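Residue-level listing of the chains:
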Protein chains: 2
Amino acid sequence: MTLPTLSARSHRIQPFHVMALLARARELEAHGRDIVHMEIGEPDFPTAEPVRIAGEQALTQGHTGYLPAAGLPALRAAIAGHYRSRYGLAIDPGRILITPGASGALVVALAMLADPGRNVLLPDPGYPCNRNFVELVDAVPRAVRVDAGTDYQLTPGLAADACDDRTAAMLVGSPGNPTGTLASAADLQGLAALAQRRHIGLIVDEIYHGLHYGADPAQALEHAPDATVVNSFSKYFGMTGWRLGWMVVPRDWAPVAEKLMQNLFISASTPAQYAALACFDEKALEIFESRRAAFRQRRDFLLPALRSLGFHIPGDPAGAFYLYADVSSLCDDSFAFAEDLLEQAGVAVTPGLDFERTAPQRHLRFAYTTDTSRLAEALERIRGFLAAGS
Amino acid sequence: MTLPTLSARSHRIQPFHVMALLARARELEAHGRDIVHMEIGEPDFPTAEPVRIAGEQALTQGHTGYLPAAGLPALRAAIAGHYRSRYGLAIDPGRILITPGASGALVVALAMLADPGRNVLLPDPGYPCNRNFVELVDAVPRAVRVDAGTDYQLTPGLAADACDDRTAAMLVGSPGNPTGTLASAADLQGLAALAQRRHIGLIVDEIYHGLHYGADPAQALEHAPDATVVNSFSKYFGMTGWRLGWMVVPRDWAPVAEKLMQNLFISASTPAQYAALACFDEKALEIFESRRAAFRQRRDFLLPALRSLGFHIPGDPAGAFYLYADVSSLCDDSFAFAEDLLEQAGVAVTPGLDFERTAPQRHLRFAYTTDTSRLAEALERIRGFLAAGS
Ligand SMILES: Cc1ncc(COP(=O)(O)O)c(C=O)c1O
Ligand SMILES: Cc1ncc(COP(=O)(O)O)c(C=O)c1O
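Below is a short write-up of the structure. Quick caveat: nothing in here was measured; it's all calculated off a predicted structure.

About the cut-offs
- Residues numbered from 1 in each chain as written.
- Chains lettered and ligands numbered in written order.
- Predicted model: local features only at pLDDT ≥ 70, side-chain atom pairs only at ≥ 80, totals over all residues.
- Heavy atoms only, no water.
- Core = buried A, V, L, I, M, F, W, Y, C linked by side-chain atoms within 4.5 Å.
- Buried < 20%, exposed > 50% of the residue type's maximum accessible area, 1.4 Å probe, protein only.
- Contact = heavy atoms within 4.5 Å.
- Buried area = accessible area lost by both parts, 1.4 Å probe.
- Salt bridge = Lys/Arg side-chain N within 4 Å of Asp/Glu carboxyl O.
- Polar contact = N/O pair within 3.5 Å; in protein donor to acceptor, adjacent residues only side chain to side chain.
- Helix = DSSP H or I, 4+ residues; strand = E, 2+ residues; numbered from the N terminus.
- Nonpolar A, V, L, I, M, F, W, Y, C, P; charged D, E, K, R; others polar.
- Near = heavy atom within 4 Å.
- Areas by Shrake-Rupley, 256 points an atom, 1.4 Å probe, with all protein chains shown as cover.

Time to look at the nonpolar core. With 283 residues, the main nonpolar core has Phe233(A), Phe311(A), Phe366(A), Phe233(B), Phe311(B) and Phe366(B) as its most contacted residues. Once residues within four sequence positions are removed from consideration, Phe233(A) is found in contact with Leu75(A), Ile79(A), Gly238(A), Met239(A), Thr240(A), Leu244(A), Gly245(A), Trp246(A), Ala276(A), Cys279(A) and Phe280(A).

Structure, rendered in structure tokens:
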């Protein structure tokens, strides 16, 4: 039997390289090796108890049917309340749509904005799925090199240079993955002005909002009010496996996003939506804030320690739970380095290959999604590994 | 502020017309009117207790993180066991991928098969989202008229006539929505042969499998072993709001589907996947079978009663929970008819407009997703409505 030819995009979309490392890590563990996991992009905390219990209650109460495509009205209102209390912003709940994760929101945002053959500006390095959301709709991901000089953020100047008549949108993240850096208010304002001038879309992924360890990050809806803002219950709210996120769109686009969602998703998970209502209770917010304090502690511990081992981490990554290190003074090829580090030292990290096109072999991402004692263990192992190699 | 131009597909994708009716029904209910809902495409039963309890336990046990993109290995194995015990088929669990609903599976299937500008054959009438999954990837939905003469199923002959060099795939459903009719083994074999001969994809949506009221429906994986088969925990298994489904793909395509899923979804809902494990227990299967018996009873009650009122329902709709009626002897315009029926008689049904291009104004879909006493009430009201109008 010969199978039919697959779509061109099937070939263009790449699997994550870290998957091979992850599989190898699991194999080593199955053979009894102890592995410190610093490759994992999700909080190591389970869903907070008040949220979990709200989910259990939703099930007990029989909340198991489809919901309206745009989401549970009470949850849309609760998110509007969150923008009010946390950012001092009045956002019409009609602009807030509940999605299956930020992932689902990104699919809708790109489907709404990008026709085939048009290009979408993506800072490089960046979140590896982004280029593939663009590929899904046969638009062209255009990697724009960003570096430590702009805190790894896409600036209005870089964006203006990379824009052309075929540009449909720009997609930025703050705090960013893999770098943990923030977009400034001025950047967001400048990107909004550019978007306005060139009639292109601006998508801001704020999935790591709430996880910041210095000054409050700028909120896109304040500085770029017409941006399409993507967010999620996965990270700050600790609900990764529930698959729940949201997007905020300009008022006129809400019906467009909604009809796309009706068709593509029917609705987002019902128990998850009921559970998420509890995320905005005092008790849950306290838990989230104490977890944020734990992440800050880990960052404050890990950052200087890695630097002292020769990992070059520019600037001051002030959000998410990632450090992105230049390893060119330690090795020629970060992928081989990561493989060796796993095999010889039992420490799993993510090589730059998944995050960037420009200098993947020079970079490694460390996730501090494991507790300080394990981070200390990892640092010990890395120290030994580097000593053995030199 | 002028907003950027939206993608062309944003304009091509249509909202469901039934939404306006649904909104009006809710409005009437808010004013105290009693409405019989026969427009709703989901079982009126809550998730079965063993499954719900398994979901609660999953939460209590902290199963709240991301899972592998392809799904929980135990669930993939359980689904393979289901194919073995129910259909006598040995399906490699490696070919089974867990998705966010059949909806997610259809996105992946089309993304895998259809390049922009290529066409996808869809029987008309059919499930309204199908054409929009095709639009998402900028392929061209090609409606192929099917009628009572072929049990509303796409036959190999009809498909061969509609196929051209730009055809990428055919997408059929059995039991079908909105017609409740089944594809025969011969149809599936013929479609598989055509797919093979023309090197095009064959996608079979079996979301209503299990809900059949006569002879067992043909299983696509038996008669079209290279087909991409889509299924779901939504309907027979009663888990609509949990957002969980699966797809079975040819072995060589499993890594392709998996990398698409990694990027588009990360993974399907974790509590849902643990809960779904309980779907294959004796106790749960008994509940599903007793619900099937209830649906059969409703169908056996509703079908002759509607016919006696002048609704023309051809053939013997033997699956799902829908009856698709030709109303041309009762009215000129099924949409206006549905509006009047709602306003004047308090019965909500779905007009053909959402399901077909050929003769939408001649058709109405009745869903028997409400119990027999309510169906009897609806029939009384319809009888009065028709008498008043004539
Ligand atoms: C930057 C970024 N955006 C979006 C996502 C998608 O997350 P989710 O779909 O769980 O909300 C992730 C997940 O790691 C991410 O890192
Ligand atoms: C024929 C058909 N396919 C697919 C779906 C999608 O269902 P889900 O995503 O809940 O599995 C539906 C839902 O009504 C349907 O009727």
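Contact residues are listed per partner, giving 73 residues for chain A and 73 residues for chain B. By the criterion of area lost to chain B, the three top residues of chain A are Leu3(A), Tyr66(A) and Asn263(A), representing 12% of everything that side buries. Linking chain A with chain B are zero salt bridges. For the interface between chain A and chain B, the tally reads 40 residue pairs in polar contact (both at pLDDT 80 or more). When contributions to the side of chain A that touches chain B are tallied by element, the ones reaching two or more residues are helix 1 (8-12), helix 3 (49-60), helix 5 (101-113), helix 6 (129-136), helix 10 (254-264) and helix 11 (270-277) of chain A. A per-class count over the side of chain A that touches chain B returns 37 nonpolar, 25 polar and 11 charged.

Once that is clear, we can look at the site of ligand 2. Residues in contact with ligand 2 amount to 14 residues; listed here are only the nearest, Ser103(B), Asp205(B), Ser232(B), Ser234(B) and Lys235(B). Chains contributing residues near ligand 2 are chains A and B. Ala102(B) places a main-chain nitrogen or oxygen 2.7 Å from an oxygen atom of ligand 2. Within the side chain of Ser232(B), an N or O atom sits 2.6 Å from an oxygen atom of ligand 2. If ligand 2 stood free it would expose 400 Å²; the protein chains cover 96% of that surface. Considering every element that reaches the shell around ligand 2, the biggest residue donor is helix 5 (residues 101-113) of chain B, with three residues. Of the residues in the shell around ligand 2, the class split is six nonpolar, five polar and three charged.

As a further point, take the site of ligand 1. Taken together, 14 residues sit near ligand 1, with Ser103(A), Asp205(A), Ser232(A), Lys235(A) and Tyr66(B) positioned nearest. Neighbouring residues of ligand 1 are distributed over chains A and B. Between ligand 1 and the protein, one listed contact pairs an oxygen atom with a backbone N or O atom of Ala102(A) at 2.7 Å. In the complex, 96% of the free accessible area of ligand 1, which totals 390 Å², lies under the protein chains. Among the elements that make up the shell around ligand 1, the one with the highest residue count is helix 5 of chain A (three residues). Split into classes, the residues belonging to the shell around ligand 1 amount to six nonpolar, five polar and three charged.

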